[in-house]
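Close look at the chain arrangement
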Amino acid sequence: MSIARFDKKFILREVRDYFMVAMATLMYAFAVTAFMLPYGLATGGVAGISAIIFYATGLKVQISYAAINLTFLAMAAKIVGLRFCLKTIWGFGMITFWLWVCQMLMEDPVTHELPKLIGDEIFMACILGAIFEGIGLSISFYYNGSTGGTDIIAACINKYRDVSLGQILMVCDILIVSSCYLVFHDIQRVIFGYVLLIVAALSLDYTTRRFHQAVEFKIFSRNHSAIADAINAKGFGVTLLDGFGWYTKTSRKVLVCICGKRYSEIIMREIKRVDPTCFVSVTNAQNVYGEGFDVMKTKVKGQKPIIVFATNNANKLREVREILSDRFEVRSLKEVGCMDDLPETHDTLEENAMQKARHITQYYGFDCFSDDTGLEVEALGGAPGVYSARYANLDDPDYSDPLLDKTKDHDSKANMRKLLYKLENETNRKAQFRTSIALIYKGKEYYFEGIVKGTIAREEKGDHGFGYDPVFVPEGYKDSFAELSSEVKNKISHRGQAIEKLAAFLKEQK
């Protein structure tokens, strides 16, 4: 079973997203009501379909808009997933509400016609409607919203075919706008519809770029350390590069900082406060990807989703890859450039596993899972437990091992020698292996657990496996873990059980 943890920041971020999507959909609904319907214009998406139905039958736009979206969503709910559905319901629900509000406030109470706010200037209405529509959609997308409609169709097709969302939406929109001819038999309106589509797309693209516009600072200063500390204190990352001044023939340090354009004044203020005489270059940075910026959406054909297993242990990696390799590309610490000694400072398997996973996600940016495994022996009160890997290294007044290699952090042979010594006169040899896996996936935290019960043999048996495998005999078997084949061990092992739960969860999310 998995346990998801929601923190305060996540909840506040979700509330902000829903509020901003509500404001964005108000702008979209205003564009439809004020500049499209009174002038007989059609746009793309379900709003366009609803507008055409309105022109042909007089049925209120919000009614057909809601009905079409609910139909699409009911058909696609299983494909696109619950979270997409919730955001979509909110998005098209708010548009439906705002369409009703705007029409109620703007239409003539006697004729029930919508006023032409700018007279008979149909071309100007086309341009203004497209601009408002594009900005509204841009804000909605920026805050992770979905307006439903053809977004749902595109999401379903994109899930199974390597076709971009933009291509799918463009084909749908062209068909919708073209169908306006069937109602009005006026090619001019169709052309205006195409203009509206193009201007809306340009407006959306321009607004999106403004949201994501960044600047790059290159800072040349002898007081680089103080400047870097000052920028860090404001919450921005800084990279220190080695440089060489050709004029002075001396080594120099160069600071590089990339931030959103709206934060550039904060950075500049800190630079000037520390060293007003330093040399600074500020340039616009387009298409910045990585932590704090955009996610790279370019698809690599045939590449599976990457997830990091926080270990370099070849045996663990092989065991996990055999289970997950058909769905994910599992990378080791070394393969993501992590040479850190991961922290394990807690007293439980669960806390240690999550501590390691958080380290990788925070500093390397990957979705990650980490395990911590302990052998829990009943006669020893659950020991060695969380200290299983370093059992022989623990100070023990009742035990000393002259063969212990103290230069090693983990010595499996020494651990088994100590365990067998402690149980030498014990008849109760019951034990269990317990693995706790901590997963951080798309910003949320989960736990998975696997337990296999058994007994401790009186001597080492078998050449396979690792750790305590040669002395652990699982329940229902006569052979130790080290004597069983990897196929059998993976089916019954503690780590195999936990990984299978993890794999089932990831498959469900995917």
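You'll find the structure just up there.
Residues numbered from 1 in each chain as written. Predicted model: local features only at pLDDT ≥ 70, side-chain atom pairs only at ≥ 80, totals over all residues. Heavy atoms only, no water.

Considering the packing of aromatic side chains
Across all of its chains, the model carries 19 aromatic pairs by this definition. Geometrically, the ring pair formed by Phe-433 and Phe-472 is tilted, given 4.7 Å between the ring centres and 55° between the ring planes. Highlighted residues: Phe-433 in strand β9 (residues 430-441) and Phe-472 in strand β11 (residues 472-474), separated in sequence by 39 residues. Residue Phe-433 shares its accessibility class with Phe-472, and that shared class is buried. Chaining the aromatic ring pairs together yields one cluster made of Tyr-441, Tyr-446, Phe-448 and Phe-505. Positioned above the aromatic ring of Tyr-391, the side-chain terminus of Lys-418 is 4.4 Å from the ring centre. Its end group placed over the ring of Phe-481, Lys-489 keeps NZ or CZ at 5.4 Å from the ring centre. (Phe/Tyr/Trp six-rings, centres within 6.5 Å; stacked < 30°, edge-to-face > 60°. Helix = DSSP H or I, 4+ residues; strand = E, 2+ residues; numbered from the N terminus. Buried < 20%, exposed > 50% of the residue type's maximum accessible area, 1.4 Å probe, protein only. Lys NZ or Arg CZ within 6 Å of the ring centre and 35° of its normal.)

Brief notes about helix α10 (residues 224-233)
Three or four residues apart is the spacing at which side chains of an α-helix point the same way, because the helix has 3.6 residues per turn. For α10, every residue scored as buried is listed here: His-224, Ile-227, Ala-228, Ala-230 and Ile-231. Along the axis of α10, the buried residues cluster in a sector spanning 165°; they form a single face. α10 presents Asp-229 and Ala-233 as exposed residues on the side facing more than 90 degrees away from its buried surface. Turning to α10, the residues buried within the fold contact β1 (214-220), β2 (239-245), β3 (250-260) and α11 (264-274). (Arc of directions from axis to C-beta. Contact = heavy atoms within 4.5 Å.)

Digging into a nonpolar patch on the surface
A cluster of nonpolar side chains, contributed by Phe-97, Trp-100, Met-104 and Leu-105, occupies part of the molecular surface with about 440 Å² of accessible area. Mapped onto the elements of the fold, Leu-105 is located in helix α4 (residues 82-106). A residue is classified by how much of its surface remains accessible, and Leu-105, at 65% relative accessible area, is exposed. (Patch = residues over 30% accessible without salt bridge, like charges linked within 9 Å, V, L, I, M, F, W, Y side chains within 5 Å. Areas by Shrake-Rupley, 256 points an atom, 1.4 Å probe, with all protein chains shown as cover. Salt bridge = Lys/Arg side-chain N within 4 Å of Asp/Glu carboxyl O.)

Details of the packing of α10 against α11
The N-to-C vectors of α10 and α11 enclose an angle of 145°; their axes lie 9 Å apart at closest approach. In this structure, the crossing between α10 and α11 has a hand that is right-handed. Residues Ala-226, Ile-227, Ala-230 and Ile-231 of α10 lie in contact with α11, whose contacting residues are Ile-267, Glu-270, Ile-271, Arg-273 and Val-274. Of the residues contributing to the contact of α10 with α11, the split by class is seven nonpolar, no polar and two charged. (Axes fitted to C-alpha atoms, helices over the stretch in contact; angles between N-to-C directions. Left-handed = near helix turned anticlockwise from the far one by under 90°. Nonpolar A, V, L, I, M, F, W, Y, C, P; charged D, E, K, R; others polar.)

Thoughts on the environment of Lys-253
As for its placement among the helices and strands, Lys-253 is situated in strand β3. Classification of Lys-253 by relative accessible area gives partly exposed; the value is 30%. With 33 residues separating them in the primary sequence, Lys-253 and Phe-220 have C-alpha atoms 6.6 Å apart. Those residues in contact with Lys-253, other than ones at most four positions away along the chain, are Ile-219, Phe-220, Ser-221, His-224, Leu-240, Leu-241 and Asp-242. For Lys-253, the side chain forms a polar contact with the side chain of Asp-242, separated by 2.3 Å. (Polar contact = N/O pair within 3.5 Å; in protein donor to acceptor, adjacent residues only side chain to side chain.)

A look at the nonpolar core
Membership of the largest hydrophobic core comes to 33 residues, with the highest contact counts inside it found for Tyr-28, Val-32, Leu-37, Leu-41, Tyr-65, Leu-99 and Leu-196. Looking at this core, the elements that each hand over two or more residues are α1 (8-36), α2 (45-57), α3 (61-80), α4, α5 (122-142) and α9 (187-212). In terms of residues, this core owes the most to one element, α1, which gives seven residues. In contact with Tyr-28, other than residues within four places in its own chain, are Thr-43, Gly-44, Ala-47, Ile-95, Glu-133 and Leu-137. By size, the runner-up hydrophobic cluster in this structure holds 20 residues, among which are Leu-317, Ile-323, Phe-505 and Leu-506. (Core = buried A, V, L, I, M, F, W, Y, C linked by side-chain atoms within 4.5 Å.)

Details of the pairing of strand β7 (residues 368-377)
Across the ten residues of β7, ten count as buried, placing the element largely inside the fold. Side-chain alternation along β7 places Cys-368, Ser-370, Asp-372, Gly-374 and Glu-376 on one buried face and Phe-369, Asp-371, Thr-373, Leu-375 and Val-377 on a second face that is also buried. Pairing analysis gives two bridges linking strand β5 (residues 306-309) to β7, with the strands arranged parallel. The residue of β7 that forms the bridge with Val-308 is Cys-368. Summarising the sheet, β7 and β9 pair through ten bridges and their orientation is antiparallel. Its bridge partner lying in β9, Asp-371 is registered against Ile-437. (Pairing = 2+ DSSP bridges.)

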